[in-house]
Amino acid sequence: MSGSLDAAAGPHASRPIAPAAARRSLCVVVPCFDEAEVLPLLHRRLVAALDAIDADWSILYVDDGSRDATRSLIEQLAASEPRVGLVALARNFGKEAAMTAGLDHADADAVVIVDADLQDPPELIATFWRHFLEGHDVVYGVRRSRAGESWLKRATANAFYRLIGRLSLTPVPADTGDFRLLSRRANEALRRLRERHRFMKGLFGWIGFRQLGVPYDREPRAAGSTKWNYWRLWNFALEGITSFSAAPLKLATYVGLATSLLAFAYGVVVIVRTLLYGDPVAGYPSLMVVILFLGGLQLMALGLIGEYLGRLYMEGKQRPLYLVDRLVGIARGADRAGAASD
Ligand code: UDP
Ligand code: MG
């Protein structure tokens, strides 16, 4: 029995039957905005890390309208390495849109998103890949430490995650960034979410599937400077809450209900007191306080409604999420496969 099998297999018996089919593909998406300073360093480390993984890897850089040499650097990389591609956007659309552009143009069994500034250690991709092979659809990095970040940023981030954990109906894991691996079906699911206001952490959670967090130490930026300041972070938090919860809209209802109950009780007090003690003219300070307080509350509630209305308005325009200026290398093939920007 075994003799005839050996004979059938011939001299190639020790080789696997279809080695090419068994090897799965991995595409790393890197959103870049003014990253010329770190790009060569990143590319070297990324290639070294990917070479250590048993996968058909490729790298897809997204140039998010950089004003420095980022684009020409990537073009050089793509010219010398066929596994490198470039999606150049028509202007700076922001990291969320840049990531989306990358994910849309990536055609692989698994996609990994990595920041250009080396804050996400490329060496961790091997661990992501192992968990992917075990059957996980989403593997994300969880920051164990936040080196190089002020206590204020840490404290505000903490408060934000607690708040959104309470408000959002879908889980948003704390201390995770965009550094993660998505299986093909997870990426395809994500591609179907075309909302304009993209709170990616929430969208990643929304799709579900088998998810796993891998702890790692986040290093400070290797070079260049961050594009985030507190105003942007505040808007980011607002984005997260309004995208994943309508709870603030109910705030006005309950605050209004509480104040009317209080007002009614106070009204009874005023009427009874007038009946008992007559009606001396008084109460200017309390009147002023009540008017200002209620005016403030009303404006705040109106503003809240405005936040949601504004988002609805932007969503209603149905504009594409980004516009592509140029595709280079592997990005072109994926575009044929049906990538769409809207
Ligand atoms: N980024 C981008 N478009 C932008 C801003 C940032 O593609 O408009 C990229 C940037 O090049 C980097 C990643 O998003 O690869 C994270 O940006 P940054 O390091 O400034 O953010 P931080 O790590 O401070 O949160
Ligand atoms: Mg960074």
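Just so we're clear, the structure is a prediction, and the values are computed from it rather than from any experiment.

Observations concerning the overall build of the protein chain
- Per the secondary structure count, the protein chain includes 13 helices and eight strands.
- Considering the protein chain as a whole, with its 342 residues, one finds that 41% of them fall into the buried category.
- The long-range fraction of contacts in the protein chain, counting pairs at least 24 apart against all pairs at least 6 apart in sequence, stands at 83%.
- In the structure as shown, the protein chain presents an accessible area of about 19000 Å², 62% of it carried by carbon and sulfur atoms.

Thoughts on a nonpolar patch on the surface
- Judged by side-chain polarity, Phe264, Val268, Val272, Leu276 and Tyr277 come together as a nonpolar surface patch covering roughly 580 Å² of accessible area.
- Within the fold, Val272 resides in helix H11 (residues 247-277).
- A residue is classified by how much of its surface remains accessible, and Val272, at 41% relative accessible area, is partly exposed.

Thoughts on the pairing of strand S4 (residues 110-113)
- Alternating residues of S4 divide into Ala110 and Val112 and Val111 and Ile113, and every residue in both groups is buried.
- Two strands pair when backbone bridges link them, and strand S1 (residues 25-32) and S4 are joined in this way by four bridges, in the parallel orientation. Opposite Val29, over in S4, you have Ile113 as the bridge partner.

A look at the coordination of the magnesium ion (ligand 2)
- Protein-derived coordination of the magnesium ion (ligand 2) comes from Asp117 (OD) and Gln119 (OE1), at a distance range of 1.8 to 1.9 Å.
- On the accessibility criterion, Gln119 (13% relative accessible area) is buried.

Here we look at the nonpolar core
- Ranked by internal contacts, the top residues of the largest apolar core, which has 41 residues, are Val87, Leu89, Phe160 and Leu190.
- Those residues in contact with Leu89, other than ones at most four positions away along the chain, are Val62, Asp63, Asp64, Gly65, Arg71, Ala98, Ala101, Tyr322, Leu323, Val324 and Asp325.

Quick notes on the side chain of Asp178
- Mapped onto the elements of the fold, Asp178 is located in strand S6 (residues 176-183).
- A distance of 2.9 Å separates the side chain of Asp178 from the side chain of Lys95, its partner in a polar contact.
- The contact partners of Asp178, leaving out residues within four places of it in the chain, are Lys95, Met99, Ile113, Met200 and Phe204.

Description of the packing of helix H3 (residues 39-51) against helix H4 (residues 70-80)
- Where H3 contacts H4, the two axes come as close as 11 Å, and the packing angle between them is 35 degrees. Handedness of the crossing formed by H3 with H4: right-handed. Together, Leu39, Pro40 and His43 of H3 and Thr70, Leu73, Ile74 and Leu77 of H4 make up the contact between the two elements.
- For the contact of H3 with H4, a count of residues per class yields five nonpolar, two polar and no charged.

Criteria and thresholds
- Residues numbered from 1 in each chain as written.
- Chains lettered and ligands numbered in written order.
- Predicted model: local features only at pLDDT ≥ 70, side-chain atom pairs only at ≥ 80, totals over all residues.
- Heavy atoms only, no water.
- Helix = DSSP H or I, 4+ residues; strand = E, 2+ residues; numbered from the N terminus.
- Buried < 20%, exposed > 50% of the residue type's maximum accessible area, 1.4 Å probe, protein only.
- Contact = heavy atoms within 4.5 Å.
- Areas by Shrake-Rupley, 256 points an atom, 1.4 Å probe, with all protein chains shown as cover.
- Patch = residues over 30% accessible without salt bridge, like charges linked within 9 Å, V, L, I, M, F, W, Y side chains within 5 Å.
- Salt bridge = Lys/Arg side-chain N within 4 Å of Asp/Glu carboxyl O.
- Pairing = 2+ DSSP bridges.
- Donors = N, O, S within 2.8 Å, 3.2 Å for Na, K, Ca; no water.
- Core = buried A, V, L, I, M, F, W, Y, C linked by side-chain atoms within 4.5 Å.
- Polar contact = N/O pair within 3.5 Å; in protein donor to acceptor, adjacent residues only side chain to side chain.
- Axes fitted to C-alpha atoms, helices over the stretch in contact; angles between N-to-C directions.
- Left-handed = near helix turned anticlockwise from the far one by under 90°.
- Nonpolar A, V, L, I, M, F, W, Y, C, P; charged D, E, K, R; others polar.

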